[in-house]
Amino acid sequence: MSAFVIGNFLIYSIINAITPGPGNILALNTVSNYGLKKGSPLFAGIFVGYYVVQVICAIFVYGVNSFLPNALGVMKYIGVAYILFLAIHIAISKPPSENNDKSASFTKGFLLQFVNVKIYLFGIRALTGYITDYSTSLWVLLLFEMIIATMGTLATSIWIAVGSFIQEF
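Small disclaimer: the values here were computed from a predicted structure and weren't measured.

What follows concerns the overall build of the protein. Within the protein one finds seven helices and zero strands. When the helices and strands of the protein are placed in sequence order, the string is α-α-α-α-α-α-α. Burial status across the protein gives 36% buried among its 169 residues. At a minimum sequence separation of 6, the contacts of the protein that also span at least 24 residues come to 83%. For the protein, the exposed surface amounts to about 9600 Å²; the carbon and sulfur share of it is 73%.

Let us now look at the nonpolar core. Phe9, Tyr50, Leu127, Ile131, Leu141 and Ile148 are the most contacted members of the largest nonpolar core, which has 20 residues in total. Elements with a minimum of two residues in this core: α1 (3–18), α3 (36–67), α6 (117–131) and α7 (138–168). The element best represented in this core is α7, accounting for seven residues. Apart from residues lying up to four places away in sequence, Phe9 is in contact with Ala126, Tyr130, Ile131, Phe144, Ile147 and Ile148.

Along the chain, the position of Thr132 falls in the loop between α6 and α7. Look at Thr132 and you get buried, because its relative accessible area is 13%. Side-chain polar atoms of Thr132 contact the backbone oxygen of Thr128, separated by 3.5 Å.

With that out of the way, let us pick up the packing of aromatic side chains. Any aromatic ring pair is given by two values, namely how distant the centres are and how the planes are angled relative to each other. Counting across every chain of the model gives six aromatic pairs. Feature note: the residues Phe9, Tyr12, Phe122, Tyr130 and Phe144 constitute an aromatic cluster, connected by ring pairs.

Another point: the environment of Leu10. As for its position among the elements, Leu10 is in helix α1. The class of Leu10 is partly exposed, set by a relative accessible area of 31%. With 141 residues separating them in the primary sequence, Leu10 and Met151 have C-alpha atoms 9.2 Å apart. Filtering out sequence-adjacent residues up to four positions away, Leu10 remains in contact with Ile147 and Met151.

Here we take up a nonpolar patch on the surface. A surface patch of nonpolar side chains, about 610 Å² in accessible area, is lined by Ile18, Ile158, Val162, Phe165, Ile166 and Phe169. Considering the arrangement of structural elements, one finds Val162 in helix α7. Looking at Val162, the relative accessible area reads 39%, which means it is partly exposed.

This brings us to the confidence of the model for the protein. The share of residues in the protein with pLDDT of 70 or more is 84%, and the mean pLDDT across the chain is 84. In the model of the protein, helix α4 (residues 71–92) stands out as the element of lowest mean pLDDT, 66, in contrast to α7, which has the highest, 93.

The rules behind these values
- Residues numbered from 1 in each chain as written.
- Predicted model: local features only at pLDDT ≥ 70, side-chain atom pairs only at ≥ 80, totals over all residues.
- Heavy atoms only, no water.
- Helix = DSSP H or I, 4+ residues; strand = E, 2+ residues; numbered from the N terminus.
- Buried < 20%, exposed > 50% of the residue type's maximum accessible area, 1.4 Å probe, protein only.
- Contact = heavy atoms within 4.5 Å.
- Areas by Shrake-Rupley, 256 points an atom, 1.4 Å probe, with all protein chains shown as cover.
- Core = buried A, V, L, I, M, F, W, Y, C linked by side-chain atoms within 4.5 Å.
- Polar contact = N/O pair within 3.5 Å; in protein donor to acceptor, adjacent residues only side chain to side chain.
- Phe/Tyr/Trp six-rings, centres within 6.5 Å; stacked < 30°, edge-to-face > 60°.
- Patch = residues over 30% accessible without salt bridge, like charges linked within 9 Å, V, L, I, M, F, W, Y side chains within 5 Å.
- Salt bridge = Lys/Arg side-chain N within 4 Å of Asp/Glu carboxyl O.
- pLDDT = per-residue confidence, 0-100.

Okay, structure coming up:
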């Protein structure tokens, strides 16, 4: 795998990790409303959930490649179409109504990641778009998913820092 491919993978991953998503927005909202200390269990749940979901993505891509090798090429286009659908849906959607549940628990953050379509698409698209052309080894896929999860955790930490800054005002 060339440095060019790894560089493109890293650029794609950084941009995708830092953009708003359910985990990043929830972290920002929680810390700005309740503070860092009260939000810490939720943040831990978001971080742990991120790693678990990325392991699931690596196993999924490995399994699809092992049992349906031609499916990965088709999945790339399905993923692109779905991302475009989500972008249009988000652009025309209205804000959700006020949620009265004020808890910031580990479980809430952890479970959020299992319904967070953005990180599933992120993990699967990054592997199929950059990595599987060079290696389909489960260990290589897991390595790159851990890189993705670490970038996601760092990006969410940035959103937490921004929320802390907002809370001061």
